[in-house]
Amino acid sequence: MTKSRRYLGLALDGPQLLELTSDDALRDRWDGLPLAFTVLGSDRIDGSGPAATTLSVTSAAAHLAYRARHARVLIAASPHYDHPYNLARRVASLGHFTGGRSGLLLGVADAYAPAGERADRAWGNANLGPGASLTVTTAIAAGQAIRSLELGWPFETFIGDRETGILVQADQIVYSDIEGVYEIAGPLNLPGPPSGPSVIGVLSDDAVDHGLDLRIGADGDAVIIDVDDVDAGDADADADAGGADDEGVNSAGIILRHNAISLGALLNEVDGWLASGRVREITPGTDLRRALELAPVPARPSDLRPAFPAPAPHAAL
Amino acid sequence: MSGKRSGHVILGVNVLVLGYLPASWQSPLLEKDASVDPRYWERIGATAERGTLDAIFLADGPQAGDPAYDANPIRLEPTVDWGYVAAATDNIGVVATASTTFNDPFELAERLLSLDHLSGGRAGWNVVTTRGVNAARNFGLPDVPFRDDRYERAAEFVDLVRALWRSAADGSGEVTHHGEFFDIQGRLRVPPSLQQYPVLLQAGGSPKGRELAGRVAEGVFSAELTKTKAIEHYRLVKGLASKNGRSPDDVKILPGLLLSLGSTEEEARRRSDELHDAGPASYSVGWLSQAIGYDASKLELDEPFPEEVLAAPADPQTFLGSIGFRESIVAQIRKTNPTVREYLKQTRYTGSGHAGFVGTPEQLADHIEDWFHSGAIDGFNLQPDVLVDGLDVIVDEVVPILRKRGLYRHEYDTHTLRGHFAAASPTPAS
């Protein structure tokens, strides 16, 4: 059986993220690569951090949204010190600025988080409640909450009718009424991106039932491999790189990681993989969901409470 | 104040999404989804920078308001929005509002310092606390802490963030903080910015808010309806800064100013009237109700305000409005004793919470100059009725007048937000 070639992604650690955002030439080179996506700040959640320096991944992604118009990114985050409501706002906002080229990869804990009395709880340091356990269950719950919040205000509610004075069909905005690990009423105070709900993944080596878009980890939709461990030209590269034999289900993607080397050197590695023909190229510029050929997100439940009354044309004063 | 003041004013723009008036979205220059269109936001940043303005501000809060008739409740997250705009500009300061009530101090410190680093030292943080059940229910809480508690948490939150920033700037290593609200031991690994760390601004007019301002803020975004009160508050906050061992020049006072401009006063009033009339009738009444803590729809429109409405709110701990705003409004009503209808109409021209200005660019320059030389302000945070054309008028017509009068820069000599503030006029001697 002919194996379909896997897509190629990239994982950047803190110092590489700093290089990416400060070196125009490297950034432009990266922006033009036919990668599936780049995980920004992967070392926060993949067990390899912390490094000596880093950036907030949403700040970096916002900066790159303007300076790099083609690359696709997954921002690495966790519920460790990010509440899903706040994270949802930033994820949805990024979706607007990137045209759907951004998404979210959730891990269990953030390697850059500080220690403290409540540091072993998700959202513990904010001291606004007991927090939640730092487990993949919490990460998944956070991802599902963010998904629900983004769906709560569809972009299509913009009607902009100057005759009636109605800008948004506000009765189509619904509360999320999330319960369980998180209690979040919603709605968000911004609509979801016009490209649709953001791609959300979870980082886990366990085959968890996540209800999101993808799992990155052993035998998952994609797997992170360290460049040191495998060579693009190696005939057995497939076998090492997450299950590439002729019979098993393979990971659809390989995400290259090589922390603590320069970004330029890492991009040279990427070039090697692309030139080897063992991975498939994905044209830069398209949104993440289309690029990864992900299934559409199921419609939101139909029984959610409207957050606002149906707008009516208003009389002139 | 004796002697004419030298130096220049500070000019910011409070970007109330499309404009402070609900009908701003109806401008023929805007698409219906302009509020979330990156091209709109890029244009705002570019226009403000073309005018060599000091900063653009973005308000924020973690709860939803009804966007049916008004784009103002549509809130892109400020650090993302300004991160994008900062990448598209070189000199304009970018001030993001973020709440101390519903954030993690380490995460927020990291994110704001990152914005500052990436923007080349142009970031500011407008410190607010959050009120209201709607926000609390987004974080699994039944309600928000009482007002004083919010400010206690805010004070510690701000101190911790500043400690983290300073440790990142001077490389001093780990910060250990065991406080009433936060217990943290860690190090920010974000590099310092060109201005070391973000500028701190504060917008609350309550006594605790002013206390915070005097102690640590570098900018105060205030609400002043009258020059007399503005001068009083200016001296108060500057005095608080001195009491805290700071120079009065270390804190800049920037009241908001709602604007409708036209080439004649009549044209400006007509523009304001048309925009008000195109918006929902509930806008003015709803705003007033929220601001004074009394349901204004119950008032007789053609009668003066009843005394019990003007009296102090029943419980400062539970009143959800801004104490500073309420103070300004009550002072204004007592000064002119209007009927409710007259006051609502008056606020079209004179301001709702913030002072309003309806007139020509020349008149606005006169107003700015008058308040500046009177020692009422260090600058203004301008709030155009419709930004997509109103900001161009500020840049192309108001700024040139101010420059001719020696009141504003001709080009950017400074390139960080702290640098912009430091280059402005010093505090006049009282």
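None of these values were measured; they are calculated from a predicted model.

**Observations concerning the overall build of chain B**
Here comes step 1: When helices and strands are tallied, chain B shows 15 helices and 11 strands.
Here comes step 2: For 430 residues, the compact-globule estimate of 2.2 N^0.38 gives 22 Å, and the C-alpha radius of gyration of chain B, at 21 Å, lies within 12% of that figure.
Here comes step 3: Seen along its three principal axes, the alpha-carbon backbone of chain B occupies a region of about 65 × 50 × 50 Å.
Here comes step 4: Taking all 430 residues of chain B together, the buried fraction comes to 65%.
Here comes step 5: Across chain B, every contact between residues at least 6 apart in sequence was considered, and the portion connecting residues at least 24 apart equals 79%.

**Some points on the overall build of chain A**
Here comes step 1: Scanning chain A from N- to C-terminus turns up 8 helices and 13 strands.
Here comes step 2: When its C-alpha atoms are laid out on the principal axes, chain A stretches across 75 × 50 × 45 Å.
Here comes step 3: Residue burial in chain A is summarised as follows: out of 317 residues, 60% are buried.
Here comes step 4: Here the contacts in chain A between residues at least 6 apart in sequence split such that 78% fall between residues at least 24 apart.
Here comes step 5: For chain A, the accessible area works out to roughly 11600 Å², and carbon and sulfur atoms hold 49% of it.
Here comes step 6: Counting 24 positive and 43 negative side-chain charges, chain A places the averaged centre of each group 6 Å from the other.

**Regarding the side chain of Asp43(A)**
Residue and element names in this part refer to chain A.
Here comes step 1: Looking at the secondary structure, you find Asp 43 in the loop between strand S2 (38-40) and helix H3 (57-67).
Here comes step 2: Among buried charged residues, Asp 43 stands out as having no salt bridge; its nearest opposite-charge side chain is Arg 44, 5.8 Å away.
Here comes step 3: In this structure the side chain of Asp 43 is engaged in a polar contact, spanning 3.2 Å, whose partner is the backbone nitrogen of Gly 14.
Here comes step 4: Each residue touching Asp 43, except ones within four places of it in the same chain, is listed here: Leu 12, Asp 13, Gly 14, Ser 48, Gly 49, Ala 51, Ala 111, Tyr 112 and Asn 259.

**With respect to the environment of Gly279(B)**
Here comes step 1: Within the fold, Gly279(B) resides in the loop between helix H8 (265-278) and helix H9 (282-292).
Here comes step 2: Each C-alpha atom, one on Gly279(B) and one on Asp90(B), is 36 Å from the other, the two residues being 189 residues apart in sequence.

**Some points on the interface of chain A and chain B**
Here comes step 1: With 70 residues of chain A at the contact, the number on the chain B side is 75 residues.
Here comes step 2: For the pairing of chain A and chain B, the buried interface totals around 5900 Å² over both sides, and the portion due to carbon and sulfur atoms is 60%.
Here comes step 3: On the surface where chain A and chain B come into contact, there are 3 salt bridges.
Here comes step 4: For Arg90(A), the salt bridge is made with Glu107(B), and the minimal N-O distance between the two is 3.3 Å.
Here comes step 5: At the junction of chain A with chain B, the criterion picks out 31 residue pairs in polar contact (both at pLDDT 80 or more).
Here comes step 6: Contributions of two or more residues to the side of chain A that touches chain B are made by helix H1 (14-22), H3, helix H4 (84-98), strand S7 (158-161) and strand S8 (166-168) of chain A.
Here comes step 7: Classifying every residue of the side of chain A that touches chain B by side-chain character gives 40 nonpolar, 19 polar and 11 charged.

**Points about the confidence of the model for chain B**
Here comes step 1: Taken residue by residue, chain B gives an average pLDDT of 91. The fraction at 70 or more is 94%.
Here comes step 2: This complex was scored by the predictor with a pTM of 0.93 and an ipTM of 0.95.

**Here we look at the packing of aromatic side chains**
Here comes step 1: As enumerated under the stated definition, the model contains 18 aromatic pairs over all chains in all.
Here comes step 2: Residues Phe155(A) and Phe158(A) carry aromatic rings whose centres are separated by 5.4 Å and whose planes lie at 65° to one another, so their mutual orientation is edge-to-face.
Here comes step 3: With centroids separated by 6.0 Å and ring planes inclined at 50°, the aromatic side chains of Trp125(B) and Phe157(B) adopt a geometry described as tilted. Here Trp125(B), found in strand S4 (residues 123-128), pairs with Phe157(B), found in helix H5 (residues 147-170); they are 32 residues apart in sequence, far enough to count as distant. Across this residue pair, the class does not change: Trp125(B) and Phe157(B) are buried.
Here comes step 4: An aromatic cluster is present here, built from Trp125(B), Phe157(B), Trp165(B), Phe181(B), Phe182(B) and Tyr197(B) joined pairwise through their rings.
Here comes step 5: The cationic tip of Arg69(A) hangs over the ring face of Tyr66(A); the distance from NZ or CZ to the ring centre is 4.6 Å.
Here comes step 6: Residue placement shows Arg305(A) over the ring face of Tyr175(A); its charged tip is 4.0 Å from the ring centre.

**Observations regarding the packing of H4(A) against helix H5 (residues 136-152) of chain A**
Residues and elements named next belong to chain A.
Here comes step 1: Orientation of H4 relative to H5, taken along the N-to-C sense of each, is 55°, at an axis distance of 9 Å. The angle between H4 and H5 falls in the class oblique. Classified by chirality, the crossing of H5 by H4 is right-handed. In contact with Pro 84, Tyr 85, Leu 87, Ala 88, Val 91 and Ala 92 of H4, H5 contributes Ala 142, Ala 145, Ile 146, Leu 149 and Glu 150.
Here comes step 2: Taken together, the residues that form the contact of H4 with H5 break down as 10 nonpolar, no polar and 1 charged.

**What about the pairing of S7(A)?**
All names here are of chain A.
Here comes step 1: Only one face of S7 is covered, namely the one carrying Phe 158 and Gly 160; the face carrying Ile 159 and Asp 161 has none of its residues buried.
Here comes step 2: Looking at chain direction, S7 and S8 are connected through 2 bridges and run antiparallel. Opposite Asp 161, over in S8, you have Ile 166 as the bridge partner.

**Some remarks on unusual backbone geometry**
Here comes step 1: For the bond from Gly49(A) to Pro50(A), the omega torsion is 0°, close enough to zero to count as cis.
Here comes step 2: Secondary-structure assignment places Pro50(A) in the loop between S2 and H3.
Here comes step 3: For Thr52(B), which is not glycine, the phi dihedral falls at a positive 55°.
Here comes step 4: By the element assignment, Thr52(B) lies in the loop between helix H1 (38-50) and strand S2 (55-58).
Here comes step 5: Backbone geometry at Gln196(B) places phi at a positive 80°, although glycine is not the residue there.
Here comes step 6: Along the chain, the position of Gln196(B) falls in the loop between strand S6 (183-186) and strand S7 (199-202).
Here comes step 7: Take Gln196(B): its relative accessible area is 36%, and that puts it in the partly exposed class.

**A short note on the confidence of the model for chain A**
Here comes step 1: Per-residue confidence for chain A gives a mean pLDDT of 92, with 91% of residues at or over 70.
Here comes step 2: Every residue in residues 242-249 of chain A is under pLDDT 50, and counting partners more than four places away or in other chains gives 14 contacts.

**Comments concerning the environment of Leu112(B)**
All names here are of chain B.
Here comes step 1: Here Leu 112 shows up in helix H3 (residues 105-118).
Here comes step 2: Separated by 105 residues in sequence, Leu 112 and Gly 7 place their C-alpha atoms 30 Å apart.
Here comes step 3: Other than its neighbours up to four places away in sequence, Leu 112 contacts Thr 79, Ala 123, Trp 125, Trp 165 and Pro 198.

**Topic: H3(B)**
All names here are of chain B.
Here comes step 1: Between its terminal C-alpha atoms H3 stretches 20 Å, which fits the 20 Å expected from 14 residues at 1.5 Å a residue.
Here comes step 2: Of all 14 residues making up H3, 13 are buried, and the element is well covered by its neighbours.
Here comes step 3: Where H3 begins, the side chain of Asp 104 points an oxygen toward the backbone nitrogen of Phe 106, at a separation of 2.8 Å.
Here comes step 4: Note on H3: the residue one or two positions beyond its end, Gly 120, has a positive phi of about 75°.

**With respect to the nonpolar core**
Here comes step 1: Residues Trp30(A), Leu40(A), Trp41(B), Leu53(B) and Trp125(B) are the most contacted members of the largest nonpolar core, which totals 192 residues.
Here comes step 2: Counting residues per element, this core draws most heavily on helix H14 (residues 387-404) of chain B, which supplies 9 residues.
Here comes step 3: Beyond its immediate chain neighbours, meaning those up to four positions away, Leu53(B) contacts Leu11(B), Val13(B), Ala48(B), Ile92(B), Leu391(B), Val395(B), Val399(B), Tyr408(B), Arg409(B) and Tyr412(B).

**Section: the pattern of salt bridges**
Here comes step 1: Under the definition given, this model contains 37 salt bridges over all chains.
Here comes step 2: Across the salt bridge formed by Asp213(A) and Arg147(A), the nearest N and O atoms sit 2.5 Å from each other. Placement of the pair is Asp213(A) in the loop between strand S9 (199-203) and strand S10 (214-216) and Arg147(A) in helix H5, with a sequence separation of 66 residues.
Here comes step 3: Exposure remark for Asp213(A): the relative accessible area of 14% places this residue in the buried category.
Here comes step 4: A salt bridge links Arg405(B) to Glu362(B), with the nearest nitrogen and oxygen atoms 2.9 Å apart. In this pair, Arg405(B) is assigned in the loop between H14 and helix H15 (417-423) and Glu362(B) in helix H13 (residues 361-373), connecting sequence segments 43 residues apart.
Here comes step 5: Owing to a relative accessible area of 25%, Arg405(B) belongs among the partly exposed residues under this scheme.
Here comes step 6: Look at the salt bridges and you will find they share partners, linking Asp82(A), Arg90(A), Glu77(B), Glu107(B) and Arg111(B) into a network.

What counts, and at which threshold
- Residues numbered from 1 in each chain as written.
- Chains lettered and ligands numbered in written order.
- Predicted model: local features only at pLDDT ≥ 70, side-chain atom pairs only at ≥ 80, totals over all residues.
- Heavy atoms only, no water.
- Helix = DSSP H or I, 4+ residues; strand = E, 2+ residues; numbered from the N terminus.
- Rg over C-alpha atoms; globule rule 2.2 N^0.38 Å.
- Buried < 20%, exposed > 50% of the residue type's maximum accessible area, 1.4 Å probe, protein only.
- Contact = heavy atoms within 4.5 Å.
- Areas by Shrake-Rupley, 256 points an atom, 1.4 Å probe, with all protein chains shown as cover.
- Lys, Arg positive; Asp, Glu negative; His and termini not counted.
- Charge placed at Lys NZ, Arg CZ, Asp CG, Glu CD.
- Salt bridge = Lys/Arg side-chain N within 4 Å of Asp/Glu carboxyl O.
- Polar contact = N/O pair within 3.5 Å; in protein donor to acceptor, adjacent residues only side chain to side chain.
- Buried area = accessible area lost by both parts, 1.4 Å probe.
- Nonpolar A, V, L, I, M, F, W, Y, C, P; charged D, E, K, R; others polar.
- pLDDT = per-residue confidence, 0-100.
- Phe/Tyr/Trp six-rings, centres within 6.5 Å; stacked < 30°, edge-to-face > 60°.
- Lys NZ or Arg CZ within 6 Å of the ring centre and 35° of its normal.
- Axes fitted to C-alpha atoms, helices over the stretch in contact; angles between N-to-C directions.
- Parallel < 35°, antiparallel > 145°, perpendicular 65-115°, else oblique.
- Left-handed = near helix turned anticlockwise from the far one by under 90°.
- Pairing = 2+ DSSP bridges.
- Expected span 1.5 Å × (residues − 1).
- Core = buried A, V, L, I, M, F, W, Y, C linked by side-chain atoms within 4.5 Å.

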